[in-house]
Amino acid sequence: MNNADKIYSLAVSGVQKLIPYTPGKPIEELERELGLSHIIKLASNENPLGPGKKALAAIQETLKDLALYPDGNGFNLKQALAKKYAVDMSQITLGNGSNEILELVARAFLTPEFEVVFSQHAFAVYPLVTQAIGAKAVVAPALNYGHDLDAMLQRVTDKTRLVFIANPNNPTGTLLAHADVEAFIAALPDTCICVLDEAYCEFVGDGSADTSIAWLNLYPNLLITRTFSKAYGLAGLRVGYGLSSPQLADILNRVRQPFNNNMLALAAAEAALTDTEHLQNTIAVNAQGMQFITEGFKKLGLEWIPSAGNFVLVNMKQPAIPIYEALLRKGVIVRPVGVYELPNHLRVTIGTEAENQQFLQALAKVTNV
Ligand SMILES: *Cc1c(COP(=O)(O)O)cnc(C)c1O
C-alpha cells in the first residue's frame, strides 16, 4: 500500500468524520508563538489558586513509590468518596478525568443502532463520544441557552440508550432546578441511561453536591459524574469519578483500563477531599471574581449569561474570534465557543483578582470602550 491516505478509509465510519476536541490554548504555546510573558489563561475552567497544600503533600509523599503500579481498584480514594457521600464503594467508578467516565458509558452502552439525546450548547464531549461509536446524536434545542428538559424528553424514544445532562452546563453556566432534573430522570424509560454531569457542582452552593446523590437509590439507570479538575484544582492529574447503582458501576469497571488512575492522582485526590479550607477558599474567590468580572462587563456595556460555574459567557455582539485573537496578543487566553453554536460569545474562566483585572483591562482595550 503506497497511498498512506488510504488508512483513513479503514477507520470505523464514526471516527472518519470525527473532529477532535479543541482544548484551551496552553500558555507555553502562546509564549512560543508571540514571545510574550505574563500570559494568563482563563480558558479551561481550572482553579486559579492551584492545588491545595494537602494534595501537594500527598503527591510528595507518594513519589517514592512510583516504581510500583497504582492500586488498580483505587481503594483508598473510593473509600474516602464512599464516606463523603454515604454510598457504597461498589457504586463508584474512578476515571482518568470524568471525561473517561463519559467515554466508558458510551463504550459500554452504545452501538450504531442507538440514539443519544443531549441539549444544544451542551458540553462538547457528548457529541464526540456518541459519534466515535457511530450512534446517532439527537440534539434538543436550548431554552435561554440552558437545557430544555421537556424538549429533551420529547426526543427520547425506545432507541434512546443514553441522555446527557450537564448541571451546571459548560459552556453556558446555566443551572437546572433539582426538582426538574429529578422529574426528568423519573420520566425516562428504564432502558435509557441518564448521565448527570456535575463537574461544577461544588460552585453552586445550594447543597447541590448532595441532592442528586439521594437519587442513586431510586434510579439504577442514573450515572452522576464529578471531577477533581475544577474546584479541587487537580486538572493536570486527570481524576474524576462516577456514582451510580452498583450494577452500572460494575459495567463501567469492566471496560476501563486496569490502571486508569495513576498513583499521584489517587493520592492527591484523596487528600484534596479532606482539604475543606482550600475548597471553601476556591468557592469564595470564584464568587468574588464572578461579581468583579460581571460588573466589568456591565461597565463595558456587555451582556453575559448568569453562570453557576467558575466561568462566564460574555456576548460580544459580533464575531468573537477577532476579539479572542486580539486578547491573545495582549497575553490573555480565553475560549471562543463557535463549536457550541455561540459564535459571538467568549467563555472566560474566573481567575484570581489580579488575573480578572488584567483580563478586563485587555478586554476594554480590544473592544475600544
Ligand atoms: C471540565 C468538564 C468535564 C471533564 O473534566 P475532567 O477533567 O475530564 O474531569 C466534564 N464535564 C464538563 C461539563 C466539564 O466542563
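Residues numbered from 1 in each chain as written. Predicted model: local features only at pLDDT ≥ 70, side-chain atom pairs only at ≥ 80, totals over all residues. Heavy atoms only, no water.

### A look at the nonpolar core
Grouped together as the largest cluster of nonpolar side chains are 52 residues, with contacts concentrated most on L77, L81, I165, F184, L222, F228 and L243. If one sorts the elements of this core by residue count, helix α12 (residues 263-274) sits on top with seven residues. Contacts of L81, omitting those with residues within four sequence positions, involve I92, L94, F228, Y241 and L273. (Core = buried A, V, L, I, M, F, W, Y, C linked by side-chain atoms within 4.5 Å. Buried < 20%, exposed > 50% of the residue type's maximum accessible area, 1.4 Å probe, protein only. Helix = DSSP H or I, 4+ residues; strand = E, 2+ residues; numbered from the N terminus. Contact = heavy atoms within 4.5 Å.)

### So, the domain arrangement of the chain
Annotation of the chain at the domain level lists domain 1 (4-50 + 277-366) and domain 2 (53-272). Look at where the C-alpha atoms of domain 1 and domain 2 centre, and you get two points 23 Å apart. On the domain 2 side, the residues contacting the 33 residues of domain 1 number 28 residues. For the pair domain 1 and domain 2, the summed buried area comes to about 2,300 Å², and 66% of that belongs to carbon and sulfur atoms. Between the two partners, domain 1 and domain 2, sit nine residue pairs in polar contact (both at pLDDT 80 or more). Those elements that provide at least two residues to the side of domain 1 that touches domain 2 are α2 (13-16), α13 (276-299), β10 (311-315) and β13 (342-349). A total of five residues in the side of domain 1 that touches domain 2 trace back to one element, the largest contributor, which is α13. For the side of domain 1 that touches domain 2, the class distribution of residues is 16 nonpolar, 13 polar and four charged. (Domains from an automatic or database assignment. Buried area = accessible area lost by both parts, 1.4 Å probe. Polar contact = N/O pair within 3.5 Å; in protein donor to acceptor, adjacent residues only side chain to side chain. Nonpolar A, V, L, I, M, F, W, Y, C, P; charged D, E, K, R; others polar.)

### A word on the sheet that holds strand β7 (residues 222-227)
Strand order in the open sheet made by the seven strands is β2-β8-β7-β6-β5-β3-β4, with mixed pairing throughout. Here the strands that pair on one side only, and so sit at the sheet edges, are β2 (92-95) and β4 (136-140). Pairs of neighbouring strands in the sheet enclose a mean axial angle of 20 degrees, with direction left out of account. Bridge count for strand β6 (residues 193-197) against β7 is four bridges, and the pairing is parallel. Directly across from C194, in β7, lies its bridge partner L222. Where helix α6 (residues 98-109) meets the sheet, its contacts fall on β2, β5 (160-166), β6, β7 and β8 (240-244), and the angle it forms with β7 comes to roughly 155 degrees. On the sheet, helix α7 (residues 125-133) packs against β3 (115-119), β4, β5 and β6 and is oriented at approximately 160 degrees with respect to β5. (Pairing = 2+ DSSP bridges. Axes fitted to C-alpha atoms, helices over the stretch in contact; angles between N-to-C directions.)

### Some details on the site of the ligand
Within the structure, the ligand sits among G97, S98, N99, F123, N170, D197, A199, Y200, T227, S229, K230 and R238. The side chain of S229 places a nitrogen or oxygen atom 2.5 Å from an oxygen atom of the ligand. Between the ligand and K230, the relevant distance is 3.1 Å, taken from an oxygen atom to a side-chain nitrogen or oxygen of the residue. Alone, the ligand offers 390 Å² of accessible surface; in the complex the protein occludes 93% of this. A breakdown of the residues in the shell around the ligand according to their chemical character gives three nonpolar, six polar and three charged. (Near = heavy atom within 4 Å. Areas by Shrake-Rupley, 256 points an atom, 1.4 Å probe, with all protein chains shown as cover.)

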